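One-letter residues, chain by chain:
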Amino acid sequence: MLTPIDRSRTAGRYFGAAVRFDQIAGNERLRDAVLRDCSSITPEIHMKWDALRPSPDRWTPGPADDLIAFARQNGLKVRGHALIWEQSTPAWAKAAIAGADWAVVRQHFEGVIGRFGDDILEWDVVNEPIDAHGLRETTFFKAYGPDYVARALTTARELAPRAKLVINDYSFEYDNPVEDARRASFLRLLRELRRADVPLDGVGLQAHLDLGKGALRRETLAPFLTAIADLGLEISVTELDVREHDLSLSLAERDRRVAEEVSRYLDIVMDQPAVTGVTTWGLSDSHSWLQPSGARGANLNRGLPYDAALAPKPMREALRSRLAAA
Ligand code: XIL
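K.L.:
I would appreciate a short explanation of the overall build of the protein chain in the present structure.
P.N.:
On a plain count of helices and strands, the protein chain comes out with twelve helices and nine strands. Here the C-alpha radius of gyration of the protein chain, 19 Å, is about what a compact globule of 326 residues would show, namely 20 Å. C-alpha atoms of the protein chain, sized along the principal axes, occupy 55 × 45 × 40 Å. Across the 326 residues in the protein chain, those meeting the buried criterion constitute 55%. Contacts in the protein chain between residues at least 24 apart in sequence constitute 78% of all its contacts with a sequence separation of at least 6. If you sum the accessible surface of the protein chain, you get close to 13,400 Å²; carbon and sulfur atoms cover 50% of it. For the protein chain, the distance from the average position of its 42 positive side-chain charges to the average position of its 47 negative side-chain charges is 2 Å.

Below, the structure is given as structure tokens:
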């Protein structure tokens, strides 16, 4: 019998969660839950460019250092998140990038990988590169052209020769024209990178599930996963959580629906051998990025394994059983 998620070691797949050092340090119950359930953690914000270097002359690695020390002390792995992400690129860097000088990106990679690389087995090298049409027209795309993804991966490989290099993106789960197009767009990018022999080891599927987007269908999701695996790539579920749709139901019913969605998703995903593990985007509802600002009590979105008081919910049991069975 596996107790808790049992760090999911026995099942060969990892379980992890996104965390912030200040939240772990300030909340013993959260820290206990992380140590009980997780064999891996992802810094929710501390390793993003704007967190590490808010201005060219300010380098603020403290919280990421603290998180890595916590991981070392407790034998946790750390996913590196994220070297390039449009949304976390500080204005000063965007301005420098617009001058089309790759040295800005290279220096950023050298700084981050130089500082944390020894502890990071897996990097999200490019986060959210695609949209429904192809590559998203980010600052990086505009400055360096479509090759920037390959260039980022090549630079990362040079600086982190042993780490697994990953492209991470979202909205691949549901049956609608936008997500159909996003799946196709993502697969096109992966195939091109493969064809050009660019160093890429895996993909991250964020998996922000949403109870307002209709039913999850195996016929949609499984072939997408197979297509990724057929390219020889590993798959990590990197940011799992569930956005609720109807907050007027009883708490029990809401929690049941969230757990059911997670079960349905994992039942499909865990059948794909290329899937190496699952990370949720936080553990407790009180820290979820999905919360509308100021939401409290019954208005909190309940899309993570623990409630705001760190009591486990059915979603945790759904994860535990699917990871144990895998
Ligand atoms: C989010 C964090 O959870 C927020 O606290 C922060 O303000 C913005 O970023 N996709 C990602 C994550 O890859 O980095 C995002 O995290 C959520 C969406």
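K.L.:
How do you make sense of the pairing of strand β5 (residues 164-169) when you look at a structure like this?
P.N.:
A regular strand carries its side chains on alternate faces of the sheet. The buried count for β5 comes to six of six residues, which makes it a mostly enclosed element. Because side chains alternate across β5, one face comprises the buried residues Lys164, Val166 and Asn168, and the other comprises Leu165, Ile167 and Asp169, equally buried. Judged from the five bridges that link them, strand β4 (residues 120-127) and β5 form a sheet pairing that is parallel. Each bridged residue has a counterpart across the sheet, and for tryptophan 123 the counterpart in β5 is leucine 165. Bridging between β5 and strand β6 (residues 202-205) involves four bridges; their strand directions are parallel. Bridge pairing in β6 links isoleucine 167 to valine 203. Between β5 and its parallel partner β6, the chain crosses via helix α9 (residues 177-195), and the hand of that crossover is right-handed.

K.L.:
Hey, could you run me through the packing of helix α10 (residues 218-230) against helix α11 (residues 251-269) in this one?
P.N.:
In helix packing, the relevant descriptors are the interaxial angle and the interaxial distance, both defined with respect to the helix axes. It is at 9 Å that the axes of α10 and α11 come closest, and there the two elements cross at 40°. Relative to α11, α10 is oriented oblique. The two elements α10 and α11 cross, and the hand of that crossing is right-handed. For the pair α10 and α11, the contacting residues are Arg218, Leu221, Ala222 and Leu225 in the first and Tyr265, Asp267, Ile268 and Val269 in the second. Across the contact of α10 with α11, the residue classes break down as six nonpolar, no polar and two charged.

K.L.:
For this particular structure, what's the right way to read the pairing of strand β2 (residues 40-43)?
P.N.:
In β2, alternate side chains face the same way, and those of Ser40 and Thr42 on one face and Ile41 and Pro43 on the other are all buried. Summarising the sheet, strand β1 (residues 14-19) and β2 pair through four bridges and their orientation is parallel. Bridge pairing in β2 places alanine 18 opposite threonine 42.

Cut-offs used in this document
Residues numbered from 1 in each chain as written. Predicted model: local features only at pLDDT ≥ 70, side-chain atom pairs only at ≥ 80, totals over all residues. Heavy atoms only, no water. Helix = DSSP H or I, 4+ residues; strand = E, 2+ residues; numbered from the N terminus. Rg over C-alpha atoms; globule rule 2.2 N^0.38 Å. Buried < 20%, exposed > 50% of the residue type's maximum accessible area, 1.4 Å probe, protein only. Contact = heavy atoms within 4.5 Å. Areas by Shrake-Rupley, 256 points an atom, 1.4 Å probe, with all protein chains shown as cover. Lys, Arg positive; Asp, Glu negative; His and termini not counted. Charge placed at Lys NZ, Arg CZ, Asp CG, Glu CD. Pairing = 2+ DSSP bridges. Right-handed = clockwise from strand over helix to strand, strands pointing away. Axes fitted to C-alpha atoms, helices over the stretch in contact; angles between N-to-C directions. Parallel < 35°, antiparallel > 145°, perpendicular 65-115°, else oblique. Left-handed = near helix turned anticlockwise from the far one by under 90°. Nonpolar A, V, L, I, M, F, W, Y, C, P; charged D, E, K, R; others polar.

As far as function goes, none of this settles anything; it's purely spatial.
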